[in-house]
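# Per-entry structural report
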Amino acid sequence: MATKTLVFRSQEEHTDQRFQSLRTASKTTKKKFKSSEEDVVGQDSFPFVSPEVLSVKEFLNLDSAAAKKSWAVEKQTAVTEEQLEMEKRTLFGNEMEKLEVEVIETNKVLRVRADHNARRKRAEEKSLQLQKTFEERERRTPEVLFPLRHHTVWEGMGVKLSCTFQGCPKPEIKWYKDGVLLQSSSHPGKYRIQSRFGHNTLEISRCTIADSAEYKVVATNKLGEAFSFATVLVNSYQGVQSGYDSTKSTILVSEMEADFDQTLQPSFPREGGSLTLSCEFSSDLLTYQRALLWFKDGVPLPESQRRQLHTGSRSASLTITQVYKEDEGLYSIHLPTLTGVKEQSAYVFVRDAAAAVTGAPGSPLDVECSDINKDYVFLTWKPPSADGGSPVVGYFIDRLDIGSGQWVQCNDTPHKLCRFPVVGLREGGIYQFRVRAVNKAGVGRPSKKTEAVTMVDPSEAERVMVIQLEKGKIVITKDQLEGDILIPLPPTDAHVSEVSGACVVLSWTEPDPRGREPLTYYIEKSVADSNSWQRANLEIPVHSPRFPVFNLTKGKSYCFRVRAVNKYGVSEPSLPSEAASLRETVVVPPPPHGVVSTRNTNTSVVLQWKSPKDVRDIIGYYIYCCEVGTDNWMTVNNKPVTSTRFIVHGLVARKKYVFRIKSVSAAGISDYSEESAPLVVKTAISAPSTPSSIALLSCGKSEMVIGWRAPKWNGGDVIQGYFLDQVDVSESVWHEVNVKPIATQVFKVGKLKEDHLYQFQATAMNCVGVGKASEPSDPFLCKEWTMPEPGPPYGLLYREVRRKSLVLLWEPPVYTGQSPVTGYLVDICEVGSDEWKAVTEEPTSNTFLKVPGLEAGRSYMFRVFAVNAAGVGEPSLPSEEVKAETKPGMKDVQIGVDEDGFIFLEFQTPEWNESSEFLWTKNYSKAIDQGRIRIESKDDRSRLILTNPSEQDLGLYTVAMSDIDDISSSYTFTDKELERLLELSWEIRNPLIALKSNWAVEVSEKGDVRLWLQVEKLSSAAELKLIFNNKEIASTATHKINFDRATGIVEVLIDNFSEVDKGSYTAQLRDGRAKNQFTFVLIDDNFKQALAQSEFKRRDWKRKAGPHFLEFLTWKVTEDCELHFSCKVTNMKKETSLKWFKDGVEVTGVEYNPQTGISTLVVTQVTKKEEGIYKVVLCDERGEDTSVIELVGEGYEKVLRDLSRACALSASPLKIQCTMQGFKLYCSLKYYLDYMKTSWHFKEKRIDGEERTKTGSSIQKVWIEIFSPTEANKGKYTLEMFDGRETHKRTLDLSGQAFDDALIEYQRLRQADIADKNRARVTKGLPDVVAIMEDKSLCLTCFTSGDPSPEVFWLKNDREIITGGQYNITKDNVGSTITINTVTTEDSGKYSVFARNKHGSETVSVTVSVYRHGETPKQGEVLI
């Protein structure tokens, strides 16, 4: 008994401790979990636990001594008779053990999450602190990068001061003048202050003496300030001594800035060769100018191993040692000056290197690496412009491991697209890549290799956090924070990032947290909807979150998922990607169109074109050119141009070219565009440049004679005149001198004020317009000249510039002094020297001088003095600089005798314009007697023919171009040369009469035949004999013979050409000693052709004598989908009959407008009956004419095609109409033809007899009905209408709010229809009027319908009838009956039956008339 009591007490104690433990566990699950660092030590006591849960206590690390003691007590108190309770207790303990294990596991998971959140919070706090540290480090005081520069300007000019500051926060900029703050608002129009991207400018317009000051700019922020200052000095004009020489300021001018001495020219290096661009300067570069920069396509070019930059004292050069196609582009050099930056540019075209295999394509270009990972890189490139004569079928991709030094091919078969994913690379390896194009001839040259790339994890930097401290830094990696992660989590965001016809590229995001151990990935694929997964990377380990999947079956859709793997195991799979299939996402682009070429220079043209409609994938264009008459197409550019305008250089002047273009995309290059119109390479016409060297040639009290130099460039056309402006220096307002253009370069300006200073500026005009104004002249003092010496000559020009000599021309002075001019002196000065030397020791009386003894390649200037009895006058303005060199292609005048025996001088120019004229003179200015010469000019040649050469024609002949100053030549015709050429002329004359045009046959509109030939010009004594079939014939009325000796034309005019005119015709000619004969055999085919043509034209002439068709019968389809027949007639009279016939039956409804002569027939709706043959007949007493058009077979098919197209174009956008059955999508047309094929598509898939859809059409509508629509019917619907040539589409996006609204409307209509069908109705049974004799019984029965079955009420005179008395009402499921027993006259009235249910109600009435015995009921009443 004691033992049993002890056992019960032990059980009670154990039970209490168990409950205590459960309560503690319950409290633990409810409290907030803390991280390991925040956790505190728990209770010291342990609950009493039964031996069945010992494993749980070990897991919880409970005190082992307490556990053993509890075990011993239990063991001692165990008894055999309590075995049953012991087993129950054991079962209870096991269940509790499972519960505690679950609690502990949950506790552990929550603890891990709390630790992770705590670490993340600490990292974010440290990152925020680091960001603040970086911001503090970036803060700095303002700093001057480029200071202000000092400026010296002339009065009236503008000046710009500029400098650059940097600082953080952005500094505030203020400008000061002599310490006074400047503001634009206080001086509108005077100062302009700007600040952009740290570059600050101050523009001062129209400087005056008051603007000379010290200018200062101050940049300030809260950390400090910086400043820069500069001095602006404004010079004024003072002390003019004479009109032809302005007085310069006494202020010393600083060193002259260097300027470009020549322009950069386009270059055409070959791929693999070298390139050098060089530029010469006019003087030594100043110190600040040596900081010049080279640019390519607007990007600065730094020096590199392959690119060397050199800057000398007067030159600069850019050298590229190994040229690639990527080096093609626009190169420019920027030269800094005090007023800004001057620029020279030139395009570099890189030609293809020799092909590795004959017929192989060129090398691809712009190979770039992207999406670089540990073992994966994505390559893109651009296709080559030259395909070697056959299309490029694909590309081979090569890689170079820098460690191995060997190129390895990455793909076994050519890859079609210009993008490729490379996998299987070594992590940490350094690689370079190149691409080779392939066609049927073989493999082309490799592209330029890419820059070396290192295979690294791009997210590795994000996994490292560096915290800078005062005495070091702390580096924290995610590996340290994620050390507890063993088996990785599944990847996320698995999706297809690239699709092509060969592979799909799968991308995903690595697990987060990733864990400390390195990851690889398993890629699994499955056919869509099959749920059968297979490994896709059995042979290739994947370390990066990118992988291209090859060997997929085209036409099937695949889903993909990814598993992460480390040394602890494999993760669960990611969520499957969306289904994808192999397809070409990038297609070959369409070619451009509208290629237009226009003139630019003598070696270039401007090419413009229009892009295709779809330009989404186009990355540029390749241009090709071909000289007309050849089949040699040449590639213009090897780097795609992105704009639709390009200047094609390197062409041959005066040659005719055509151009065509291809579009370029990642899928390849398009077909050729259409060819441009042929264009001759010439200089384009533009407005002329500015005149220069304005000089004062003479001066009176109120007038001045002003002269100026013609523009250097006339714009490609003759200068038509000049405009002159003047300004009184004291007024500063410019005025026009002349309204009409001045033809010469000298003009007398009147109405001036004596002792006033004047400035002038000139502008030139050609056919394009007026050019820019010249720089203002020096101020000229209006004061009469009284000096005895002559004034300055003017108009200095160069002719016949050669390597060793030239000819200088000038005009006599306007002011001759007090005696006539007797001669001229000429001085010469080499450019770069200030020393003037005399060319002639004695004055020359001519106004031209040939200057010999020049040194080739050097530049010179000249000036001329006029001499009279008083002495040597003032010099002319120095001439323009001229370089002693012979222009390329320049030829001298040639002399000879032509085929007619005439002596001629001929000159061929190396260049000319359409407006160019050859100017022949004697002694450079004297006009030639036009009665003694004849000038013939064509294209680049001009011939001066001496019509009657004699000693009067001896002398110096000169020729120049009217609009090209640097082209001229001369020839001295001597008496010996005259004697020799006259002998040669006599020998050449009197040859056989030359034939210009052989016998030819012409048929006139009337059918008359003209036989004619042309020989050279004959004298008036020339004789003609015409032989026909061996008999001489003379001119008759039907066979007229004409002989024009001046033109050399012999003709025979035959009125009625017939068989009698068949035979041979011989013209025998004699002109002095010259003679010849020409025979024409008019038989066989030649005669038959001439006869047939003559008869046809004769009949046509007769036809046109009466009413006839100007435009024969035609048809067209209008926008209103109507078929219009029309023809145009002429020569009509009132009696003329105009009738239309179809298949021989006259057609009515024809319209005819007598004023226009147009007759039309309109068919508003075309059907099968319109097929047939249409004919229009014109007829009156003068004749008949017909016009026929056949609308049968192919002709009728063409009408239907055009009509279908017009109907399709008239189609409205798709609209939706909700019905009780579903949705109805429809499109309205002018009218619908069965010939027009229509089809409906849903989500790009054709709808063909699917369930719940039905298509239909009417004369003006096409529709599709969707029955019982659901969410599955949401999407894009397309109606395609094929007119026989092209497909027209109309679309409707039935999704979103549009679908929701339509679905609600459909459900409303459907419910309304159901309600209408099920509402209560009285179907039949009651007549309108009933007559009954009194004392009889009346029985009225009605039938009802409705769901649910309606309630039925009977009414009399609108009051309900209750069963009882003489009324008896019965009801069933189909109707109701009312019986009225023993009716009386009081029972007459209106009886109604009222039926109702939840969907509605209906009332039907009957009129009951009770008549007495012996009465007759009214007519129309139903008798009962």
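Data block above holds the structure.
One structure accompanies this document, and this report is about it. Residue positions are given per chain, counting from 1 as you read along its sequence in written order. Only residues with pLDDT of at least 70 are given local features in this predicted model, and only at 80 or more are side-chain atom pairs given and counted; all residues enter the totals for whole chains, interfaces and linings. Side-chain numbers here rest on the full set of heavy atoms in the structure, without hydrogens or water.

### Focus: empty space enclosed by the protein
Using a grid of 1 Å spacing that covers the protein atoms alone, one calls a set of points a cavity when a 1.4 Å probe fits there but cannot get out, and a pocket when the set is open and has protein on both sides within 12 Å along at least five of seven lines; lining residues are those with an atom within 4 Å of a point. Grid points are joined across faces, edges and corners, and a volume is the space filled by probe spheres set on the points. Taken as a whole and judged by the stated rule, the model has three cavities of 30 Å³ or more. Its volume calculated, the largest cavity comes out at about 40 Å³. In terms of lining residues, the largest cavity is bounded by Phe378, His415, Leu417, Arg419, Phe420, Pro421, Glu498, Ser500, Cys503 and Val505. Top element by residues in the lining of the largest cavity is strand E21 (residues 419–422). It accounts for three residues. Here the nonpolar group is Ala, Val, Leu, Ile, Met, Phe, Trp, Tyr, Cys and Pro; Asp, Glu, Lys and Arg are the charged ones; every other residue, Gly included, is treated as polar. Residues belonging to the lining of the largest cavity are distributed by class as follows: six nonpolar, two polar and two charged. Secondary structure elements follow DSSP: runs of H or I of four or more residues count as helices, runs of E of two or more count as strands, with numbering from the N terminus.

### Quick notes on the pattern of salt bridges
Any carboxyl oxygen of Asp or Glu within 4 Å of a side-chain nitrogen of Lys or Arg constitutes a salt bridge here. This structure, assessed with the given rule, holds 55 salt bridges. Between Arg419 and Glu498 there is a salt bridge, with its nearest N and O atoms 2.8 Å apart. Here the residue Arg419 occupies a position in strand E21, and Glu498 occupies one in strand E27 (residues 492–499), the gap between them amounting to 79 residues. Any residue under 20% of the maximum accessible area for its type is buried, any over 50% is exposed, and the rest in between are partly exposed; the area is computed with a 1.4 Å probe on protein chains only. A relative accessible area of 23% places Arg419 in the partly exposed class. We classify Glu498 as buried; its relative accessible area is 17%. Where Asp614 meets Arg616, a salt bridge forms, and the shortest distance between an N and an O atom there is 2.8 Å. We classify Asp614 as partly exposed; its relative accessible area is 37%. The exposed category is assigned to Arg616, whose relative accessible area is 70%. One network of salt bridges, in which partners are shared, links Asp1100, Arg1103, Lys1104 and Asp1185.

### Observations regarding the nonpolar core
Leu1123, Phe1125 and Phe1223 are the most contacted members of the largest nonpolar core, which has 53 residues in total. It is helix H8 (residues 1194–1209) that contributes the most residues to this core, seven residues altogether. We call two residues in contact when some of their heavy atoms are within 4.5 Å. Among residues more than four places away in sequence, those in contact with Leu1123 are Trp1115, Lys1116, Val1117, Leu1161, Val1162, Val1163, Val1166, Leu1191 and Val1199. Residues Ile993, Trp999, Ala1022 and Val1050 belong to the second largest nonpolar core, which totals 27 residues. Take the buried residues of types Ala, Val, Leu, Ile, Met, Phe, Trp, Tyr and Cys, join any two whose side-chain atoms come within 4.5 Å, and each joined set is a nonpolar core.

### Here we look at the sheet that holds strand E87 (residues 1287–1294)
Pairing between strands is defined by DSSP: at least two bridges between them are needed. Spatial ordering of the open sheet is given by E83-E82-E86-E87, a layout of four strands whose pairing is antiparallel. Strands with a single pairing partner mark the edges of an open sheet, and in this sheet they are strand E83 (1245–1246) and E87. Note: strand E82 (residues 1237–1242) against E83, two bridges, orientation antiparallel. Within E83, the residue paired with His1241 across the bridge is Arg1246.

### Quick notes on helix H6 (residues 975–988)
Its 14 residues give H6 an end-to-end C-alpha distance of 20 Å, which sits within 8% of 20 Å, the value for a rise of 1.5 Å per residue. Taken as a whole, H6 has its buried residues at Glu977, Leu978, Leu981 and Ser985. For H6, the arc enclosing every buried residue in end-on projection is 95°, short of the 170-degree limit, so these residues lie on one face. Across from the buried face of H6, at angles greater than 90 degrees, the exposed residues are Asp975, Lys976, Glu979, Glu983, Trp986 and Glu987. Where the residues of H6 are buried, they touch strand E57 (894–897), strand E58 (903–908) and strand E63 (968–973). By this rule the span expected of a helix is its residue count minus one, scaled by 1.5 Å. Think of it as the arc spanned by the lines of direction from the helix axis to the C-beta atoms.

### Section: the sheet that holds strand E15 (residues 329–337)
Strand order in the open sheet formed by four strands is E12-E11-E15-E16, with antiparallel pairing between adjacent strands. What marks the edges here is a single partner per strand, and that holds for strand E12 (299–300) and strand E16 (340–348). Summarising the sheet, E15 and E16 pair through nine bridges and their orientation is antiparallel. Bridge pairing links Gly329 to Val348 in E16.

### Re the state of the cysteines
Pairs of cysteine sulfur atoms within 2.5 Å are identified as disulfides in what follows. Summed over all chains, the structure comprises zero disulfides. We note that Cys699 lacks a disulfide partner, and the nearest cysteine sulfur, in Cys782, lies 4.5 Å from it. Judged by its relative accessible area of 5%, Cys699 is buried. This cysteine, Cys1218, is not joined by any disulfide, and Cys1227 carries the nearest cysteine sulfur, 18 Å off. Exposure remark for Cys1218: the relative accessible area of 17% places this residue in the buried category.

### Comments concerning the side chain of Ser819
Within the fold, Ser819 resides in the loop between strand E50 (806–811) and strand E51 (821–830). On the accessibility criterion, Ser819 (16% relative accessible area) is buried. A polar side-chain atom of Ser819 sits 3.2 Å from a polar atom in the side chain of Asn868. For this analysis, a polar contact is any N or O atom pair within 3.5 Å, provided that within protein one partner can donate a hydrogen and the other can accept it, and provided that sequence-adjacent residues contribute only side-chain to side-chain pairs. Polar contacts involving the side chain of Ser819 include one to the main-chain amide nitrogen of Ala869, which spans 3.2 Å.

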